[in-house]
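The lines below spell out each chain.
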Amino acid sequence: MKMNYENQWNELADIKDELAQRDWFMGTSGNLAIKVENSPLSFLVTASGKDKRKRTSEDFLLVEQNGLPVEETTLKPSAETLLHCKVFQQSKAGCCLHVHTVANNVISELFSEEREVTFKEQELIKAWGKWGQEDSLTIPIIYNYAHIPRLAEEFGLHVNEDHGAVLIRNHGITVWGKNGFEAKKLLEACEFLFQYKITLLQTKRMELFN
Ligand SMILES: CSC[C@@H](O)[C@@H](O)C(=O)COP(=O)(O)O
Ligand SMILES: [Zn+2]
């Protein structure tokens, strides 16, 4: 029986369009996934190497728990499908988004030695449900292993909650959440926080020389 995933397809296609409007898919980068079924696990993932700014009937394909296509197709699942597998295998998240932006790359390099970046006393950490005065948000930074199974293994060590984010050094960010809306909210909040920190550091540096 052919599975029905029209709703999830449209939800992911709409998210893809919104992220494309932000120009977050430079040079075919980025990949997105949305869960279709829990048991056995299946999810839609972007086809590899496509211009994600275009909306076509070949944007996504259905894969199983190990990232292999469920239906006959000539499409190739995203090169980073194994990272999406980790998210759906290890959490109850419904959606996982990966984008490359200049800000997330710069932050991942600036804080590479610390292997994490922390935000505190910043209104937007509330997007993460962090409403307390003393709350802080820490995002891990992992090495960008070219060998995807190795990258996925390292990434998987940080998938301990149903929502989260991991920066991949000089590569991009992967964010996951309960559903498409939540994952996109976290992704946007991250980008705001990254741009803020970069601007602040630049401004402080300029002040030093004045
Ligand atoms: C040319 S972008 C680099 C890619 O290797 C990868 O990091 C990426 O985000 C997109 O790969 P894809 O296989 O299209 O999902
Ligand atoms: Zn990538």
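These numbers were taken from a predicted model, which means no experiment stands behind them. (Residues numbered from 1 in each chain as written. Chains lettered and ligands numbered in written order. Predicted model: local features only at pLDDT ≥ 70, side-chain atom pairs only at ≥ 80, totals over all residues. Heavy atoms only, no water.)

Focus: the environment of Tyr-196
Mapped onto the fold, Tyr-196 is located in helix α5 (residues 180-208). Here Tyr-196 falls in the partly exposed class, since its relative accessible area comes to 36%. Sequence spacing of Tyr-196 and Asp-59 is 137 residues, and the spatial spacing of their C-alpha atoms is 33 Å. (Helix = DSSP H or I, 4+ residues; strand = E, 2+ residues; numbered from the N terminus. Buried < 20%, exposed > 50% of the residue type's maximum accessible area, 1.4 Å probe, protein only.)

Considering the site of ligand 1
What surrounds ligand 1 is a group of 14 residues, the closest being Ser-48, Gly-49, Lys-52, Ser-78 and Glu-80. Backbone polar atom of Gly-30 to an oxygen atom of ligand 1: 2.9 Å apart, as the coordinates give it. For ligand 1, an oxygen atom lies 3.0 Å from a polar atom in the side chain of His-100. For ligand 1, whose free accessible area comes to 410 Å², the fraction covered by protein is 74%. Of the residues contributing to the shell around ligand 1, the split by class is 1 nonpolar, 11 polar and 2 charged. (Near = heavy atom within 4 Å. Polar contact = N/O pair within 3.5 Å; in protein donor to acceptor, adjacent residues only side chain to side chain. Areas by Shrake-Rupley, 256 points an atom, 1.4 Å probe, with all protein chains shown as cover. Nonpolar A, V, L, I, M, F, W, Y, C, P; charged D, E, K, R; others polar.)

Focus: the packing of helix α1 (residues 6-21) against α5
Running from N to C, α1 and α5 cross one another at 20°; their axes reach a closest spacing of 10 Å. Of the possible angle classes, the one that applies to α1 and α5 is roughly parallel. Where α1 crosses over α5, the handedness of that crossing is right-handed. In this structure, α1 contributes Glu-11, Ile-15, Glu-18 and Leu-19 to the contact, and α5 contributes Gly-180, Phe-181, Lys-184 and Leu-187. (Axes fitted to C-alpha atoms, helices over the stretch in contact; angles between N-to-C directions. Parallel < 35°, antiparallel > 145°, perpendicular 65-115°, else oblique. Left-handed = near helix turned anticlockwise from the far one by under 90°. Contact = heavy atoms within 4.5 Å.)

Focus: the side chain of Lys-16
Within the secondary structure, Lys-16 is located in helix α1. Within the local environment of Lys-16, its side chain forms a polar contact with the backbone oxygen of Lys-52, the two atoms lying 3.0 Å apart.

Overview of the packing of helix α3 (residues 102-110) against α5
With their axes 9 Å apart at the nearest point, α3 and α5 run at an angle of 60° to one another. Taken together, α3 and α5 sit at an angle that is classed as oblique. For the element pair α3 and α5, the recorded crossing hand is left-handed. Contacts from Ala-103, Asn-104, Val-106, Ile-107 and Leu-110 of α3 reach α5 at Glu-191, Phe-194, Gln-195, Lys-197, Ile-198 and Leu-201. In terms of residue class, the contact of α3 with α5 is made up of 7 nonpolar, 2 polar and 2 charged.

Regarding the coordination of the zinc ion (ligand 2)
Under ideal tetrahedral coordination, the four donors around a metal are separated by 109.5 degrees; under ideal octahedral coordination, the six donors are separated by 90 or 180 degrees. Within the protein, the atoms that donate to the zinc ion (ligand 2) are His-98 (NE2), His-100 (NE2) and His-171 (NE2), at distances of 2.1 to 2.2 Å. The sequence motif formed by the donor residues of the zinc ion (ligand 2) is H-x1-H-x70-H. Accessibility expressed as a relative area gives 26% for His-100, which makes it partly exposed. (Donors = N, O, S within 2.8 Å, 3.2 Å for Na, K, Ca; no water.)

Considering the UniProt feature "domain: Class II aldolase/adducin N-terminal" (unreviewed entry) in the protein chain
Look at the UniProt record and you will see "domain: Class II aldolase/adducin N-terminal" (unreviewed entry) annotated at residues 10-198. Across residues 10-198 one finds 31% helix and 24% strand; the C-alpha atoms that close the span lie 35 Å apart. (UniProt positions renumbered as here; feature names shortened; annotations may be inferred.)

Comments concerning the UniProt feature "binding site: Zn(2+)" (unreviewed entry) in the protein chain
This chain's UniProt record puts "binding site: Zn(2+)" (unreviewed entry) on His-98 and His-100. On the secondary structure map, His-98 appears in strand β4 (residues 95-99). Not counting residues up to four positions away in its chain, the partners in contact with His-98 are Gly-30, Asn-31, Leu-32, Glu-80, Ile-168, His-171, Gly-172, Ile-173 and Thr-174. Here His-100 is to be found in the loop between β4 and α3. A polar contact of 3.1 Å, which involves the side chain of His-100, links it to the side chain of His-98.

Brief notes about the pattern of salt bridges
As enumerated under the stated definition, the model contains 15 salt bridges in all. Of the charged contacts in the structure, one is a salt bridge between Glu-109 and Arg-169, with a shortest N-O distance of 2.9 Å. Highlighted residues: Glu-109 in helix α3 and Arg-169 in the loop between β7 (164-168) and β8 (172-177), separated in sequence by 60 residues. Taking the relative accessible area as the measure of exposure, Glu-109 reaches 33% and is therefore partly exposed. Accessibility expressed as a relative area gives 30% for Arg-169, which makes it partly exposed. For the salt bridge of Glu-123 with Lys-126, the shortest nitrogen-to-oxygen distance reads 2.8 Å. The network of salt bridges with shared partners includes Glu-18, Arg-22, Lys-184 and Glu-188. (Salt bridge = Lys/Arg side-chain N within 4 Å of Asp/Glu carboxyl O.)

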